Amino acid sequence: MANVTKQKRDKMLSFIEELKKNNNDDKAIMMLNELENTLSEKKFGLVFEEHTEEVDEKLKENIPILCSDENKRICKDKQKPWNFIIEGDNLQALYLLEKTHRGKIDCIYIDPPYNTGARDWKYNNDYVDNNDLYRHSKWLSMMKTRLEIAKKLLNPRSSVLICTIDDKEYLHLGCVLEELFPLAKITMVSSVINPAGKAKKGGVDFSRIDEYIFFIQIGDAPVLPEVRDIVKTPLAWETFRRHSLANGRGKHGVGACGPNQFYPIYVDNKTHKIVEIGEPIMEDVDRFSVKQIPGCSTVFPVRDNGIEMNWGATREEALKRLKNGYLKVGKYFPDAPQQYSIQYLTGGVIKDIQSGKVIVEGYDDNGGVIGYYTEGRAKVPTTAWNKKSHNATSYGTDLLNKIFGDAKFDYPKSLYAVKDCLGIFLANKPNALVLDFFAGSGTTLHAVNLMNAEDGGNRTSIMVTNNEISYLEENRLKEKGYKKGDPEWEKLGIAQSVTWPRTKCSIEGVDVKNHPLDGDYGVEIEDYQLDEESAVVSKTSGKKLNTKVYKKTKIQLYPNLSNIKLKDGFVSNVKYFKCDWTPRKPEEYLLSNVLLLHIKEMIELENSIEVDNSSNVIIFNKDDYDKYILDEENYKKIKNIWVNQNIIFDSNEISLLKNKNFKYIPKEYFGQELKEVAE
């Protein structure tokens, strides 16, 4: 088959060569060469018109920096690592993260705007809607630019990029991902988030109930099995009679029981319950000589061949277990020397009951406890998800309403949908670092905190979100004469009015009015389960059939989370940064002096710490050295030191710094920018 496109391209390239022969001026040759290069580029997959952004233009004359907002800070435990919320354009923030986290991110989870045409996102400070002829190419340009940087941030050995999307752009996004990550394993999952369905306008299209999740596995990142199918394992009752002949009555060898474990157990012949446990009898006493209780069988530990054995515990211990339901009557053997089997729970099982590992439901007819272990059967995730906990309304919107009291954010993700996505790759990475540069309402940080609360991990997250307001809110504020940057405007932006308060409230366990949050993080649903006790009886024969009977019952999807109360919050630390700019070529001051003012934020961000001028210290000059190093009390407290590379130290000074494993402030932060202005 002929490549028609190549034929056309070759024809045009040949024509350009002819034009070069007839045009000798430099300008014409340069333009013709550029045309030739453009035509020579091989294009595979998605081709779209690329657009520049305001951030790209600002970067030409300005350097992005971070500024800490000291009014937005939560510290629950100074020993734990810090999370960060960054307010600003995510492209601006990504340029900074490239300096601090290149190749260090374990997981990127993003929920970008879906480009629905309903003015759900901005490009170059203008809302994009259905009337914009370049709506798709603008969205693709926006995504590709950010994904190119995201690729540099991911750990090349083992990491994952998770991106949610709906039917508007999933095909285009898939092409971009295949182009940017040719060596990665890319999987798309369909996930039900709205079982009721969302009808399209006009009612002539399919009702959408799901969205799509792309998983891009980098390096050797494995898909971990889920633990979702809960299996109830009944308690294992052991035979109370000893098994080994070495434990027979009258044996005196190593491990023998002794005379105090041979005693009568009296079982009521009607109720089949233990009514009394008699005193132990000596070796020379005939067991048939003990007292009898009317209506009861006197049970001794005797084998079917008549050999007398011992019970598995002393009389005192047997009485304790009987009282607590850990000793009971088993099967009835009327013709055997031991008419009733006596059963008991071992010490290990009893410890599990007392610690809560075993769920006790009640007692059976013989007085024994009814209990079971709950175990999750490992299951590899499928590519089609229909999980009730992923309902965006029930576990996204309703959860936010608990915090805010009203709808503060459109279409928040289900907390459990995000947690389950992260868990597939991070369940065995307790110290993983997660980045979300479309943070929105802050679900990802909430999910990371919940994962840590469940398994004791120290995972951290960096959340990046702009502070945009809705289209309607923007028009209302403009009518009142407010503009972007005014306090009245900024306080209504998503970062300040949703992301931060949601994070603060979830960590402190309160709503925005400081009232304790109700409920727990478990998800209880109604479902049909096999009823082991019921059976279908044949109308003709009256016999039980093998037909399985199911009954509706409440089940807990996340048993471990049901013990975590919302009001208890999380042991988590968070700092809040804002993106800003500083000129690349200042005329009235040294650029290095300005950038040093923002080194603190870069060090904190890279190392998930807080520079507190106590355990974590930055030395910018010799005065700082004298203050922290030469002061004995301050020196004792120091755990980490970062030092300005421009300071000259003598050997003694260097020795004191080495004792604290000092590090120079990385040149990667702003070294290139300083080089450009010869500083």
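Going by the structure above, here's the rest.
This report concerns the structure included in the present document. (Residues numbered from 1 in each chain as written. Predicted model: local features only at pLDDT ≥ 70, side-chain atom pairs only at ≥ 80, totals over all residues. Heavy atoms only, no water.)

### Concerning the overall build of the chain
When helices and strands are tallied, the chain shows 20 helices and 26 strands. The C-alpha radius of gyration of the chain comes to 35 Å, more than 25% above the 26 Å expected for a compact globule of 679 residues. Summarising its shape, the C-alpha atoms of the chain cover approximately 125 × 80 × 60 Å along the three principal directions. In the chain, which comprises 679 residues, the share counted as buried stands at 46%. (Helix = DSSP H or I, 4+ residues; strand = E, 2+ residues; numbered from the N terminus. Rg over C-alpha atoms; globule rule 2.2 N^0.38 Å. Buried < 20%, exposed > 50% of the residue type's maximum accessible area, 1.4 Å probe, protein only.)

### Digging into the packing of aromatic side chains
A complete count under the given rule lists 16 aromatic pairs for this structure. A ring pair is formed by phenylalanine 215 and tryptophan 385, whose centres lie 6.0 Å apart and whose planes are at 50 degrees; its orientation type is tilted. A residue pair is termed long-range when its members are at least 10 positions apart, and phenylalanine 215 in strand β8 (residues 210-219) and tryptophan 385 in strand β18 (residues 384-385) qualify at 170 residues. Taking relative accessible area as the criterion, tryptophan 385 reaches 3% and is therefore assigned buried. With a centroid separation of 5.3 Å and 15 degrees between ring planes, the pair formed by phenylalanine 240 and tryptophan 311 is classed as stacked. You can see phenylalanine 240 sitting in the loop between β10 (238-239) and β11 (265-268) and its partner tryptophan 311 sitting in the loop between β13 (296-299) and α7 (315-324), a full 71 residues away along the chain. When sorted by exposure, phenylalanine 240 lands in the same class as tryptophan 311, which is buried. A connected cluster of aromatic rings, assembled from ring pairs, spans Phe240, Tyr263, Trp311 and Tyr344. The residue whose ring lies beneath lysine 291 is tyrosine 266, and the NZ or CZ to ring-centre distance is 6.0 Å. Sitting above the plane of the tryptophan 82 ring, lysine 575 keeps its charged end 6.0 Å from the centroid. (Phe/Tyr/Trp six-rings, centres within 6.5 Å; stacked < 30°, edge-to-face > 60°. Lys NZ or Arg CZ within 6 Å of the ring centre and 35° of its normal.)

### Side note on helix α16 (residues 599-607)
Those residues of α16 lying buried are Ile599, Glu601, Met602, Ile603, Glu604 and Leu605. Positive phi shows up at serine 608, right after α16, with a value of about 55 degrees.

### Looking at the packing of helix α9 (residues 392-404) against helix α14 (residues 494-508)
Where α9 contacts α14, the axes come no closer than 10 Å and their chain directions differ by 80 degrees. For the element pair α9 / α14, the angle class is roughly perpendicular. Contacts between α9 and α14 involve Leu399, Leu400, Ile403 and Phe404 on the former and, on the latter, Ser497, Val498, Pro501, Arg502 and Cys505. Split into classes, the residues belonging to the contact of α9 with α14 amount to seven nonpolar, one polar and one charged. (Axes fitted to C-alpha atoms, helices over the stretch in contact; angles between N-to-C directions. Parallel < 35°, antiparallel > 145°, perpendicular 65-115°, else oblique. Contact = heavy atoms within 4.5 Å. Nonpolar A, V, L, I, M, F, W, Y, C, P; charged D, E, K, R; others polar.)

### A look at unusual backbone geometry
We note that asparagine 613 has phi near 60 degrees; this positive angle belongs to a residue other than glycine. You can see asparagine 613 is positioned in the loop between α16 and β24 (616-619). Unlike most non-glycine residues, asparagine 661 shows phi in positive territory, near 50 degrees. By secondary structure assignment, the location of asparagine 661 is in the loop between α19 (651-658) and β26 (663-664). Note on asparagine 661: relative accessible area 59%, which makes it exposed.

### A word on the pattern of salt bridges
Tallying each qualifying case throughout the model produces 35 salt bridges. For arginine 321, the salt bridge goes to glutamate 317, with nearest N and O atoms at 2.8 Å. In this pair, arginine 321 and glutamate 317 are both assigned in helix α7, four residues apart and thus about one turn of the helix distant. Under the relative-accessibility criterion, arginine 321 is labelled buried at 12%. Judged by its relative accessible area of 27%, glutamate 317 is partly exposed. One salt bridge in this structure joins glutamate 604 and lysine 600, with 3.3 Å as the shortest N-O distance. One end of the pair is glutamate 604 and the other is lysine 600, both in helix α16 and four residues apart, which spans about a single turn. Using a relative accessible area of 0% as the deciding quantity, one classes glutamate 604 as buried. The partly exposed category is assigned to lysine 600, whose relative accessible area is 23%. (Salt bridge = Lys/Arg side-chain N within 4 Å of Asp/Glu carboxyl O.)

### What about the environment of glutamate 279?
Tracing the backbone shows glutamate 279 in the loop between β12 (274-277) and β13. Given the relative accessible area of 52%, glutamate 279 is considered exposed. As a C-alpha pair, glutamate 279 and proline 264 span 15 residues in sequence and 7.1 Å in three-dimensional space. Setting aside its immediate chain neighbours within four residues, glutamate 279 contacts Tyr263, Pro264 and Arg315. Side chain to side chain, glutamate 279 and arginine 315 meet in a polar contact 3.4 Å long. (Polar contact = N/O pair within 3.5 Å; in protein donor to acceptor, adjacent residues only side chain to side chain.)

### Notes on empty space enclosed by the protein
Considering all chains together, one arrives at four cavities of 30 Å³ or more under this definition. Its volume calculated, the largest cavity comes out at about 50 Å³. Around the largest cavity, the lining residues are Gly248, Arg249, Gly250, Lys251, Gly258, Pro259, Phe262, Ile281, Met282, Glu283 and Asn310. Of the residues that constitute the lining of the largest cavity, the class distribution is four nonpolar, four polar and three charged. (1 Å grid on protein atoms, 1.4 Å probe; cavity = no way out; pocket = protein on both sides within 12 Å on 5 of 7 lines; lining within 4 Å. Points joined across faces, edges and corners; volume = space filled by probe spheres on them.)

### So, the sheet that holds β11
Pairing within the open sheet is antiparallel, and its three strands lie in the order β12-β11-β13. For this open sheet the edge positions go to β12 and β13, each flanked by a neighbour on one side alone. Shown here is a sheet whose adjacent strand axes are inclined to one another by a mean of 25 degrees, direction ignored. Summarising the sheet, β11 and β12 pair through three bridges and their orientation is antiparallel. Along β12, the bridge assignment pairs valine 267 with isoleucine 274. (Pairing = 2+ DSSP bridges.)

### Describing the sheet that holds strand β15 (residues 340-344)
Note: strands within a sheet are paired through backbone hydrogen bonds, in either parallel or antiparallel orientation. Taken in spatial order, the three strands of this open sheet run β10-β15-β14, and their pairing is antiparallel. Two strands lie at the open edges of the sheet, namely β10 and β14 (327-332), each paired on one side alone. Across two bridges, β10 lies against β15 in antiparallel orientation. Bridge pairing links glutamate 238 to tyrosine 344 in β15.

### Some points on the packing of helix α4 (residues 90-100) against α16
At a closest axis distance of 10 Å, the pairing of α4 and α16 adopts a crossing angle of 70 degrees. One finds that α4 runs roughly perpendicular with respect to α16. Residues Leu96, Leu97, Lys99 and Thr100 of α4 form the contact with α16, whose own contacting residues are Met602, Leu605 and Glu606. The class makeup of the residues in the contact of α4 with α16 is four nonpolar, one polar and two charged.

### Points about the pairing of strand β3 (residues 107-110)
Side chains Cys107 and Tyr109 project from β3 onto one buried face, and the interleaved Ile108 and Ile110 project onto a second face that is buried too. Pairing of β3 with strand β6 (residues 158-165) involves four bridges; the strand directions are parallel. Bridge pairing links tyrosine 109 to isoleucine 162 in β6. Looking at chain direction, β3 and strand β19 (residues 433-436) are connected through two bridges and run parallel. By the bridge assignment for β19, isoleucine 108 is matched with leucine 435.

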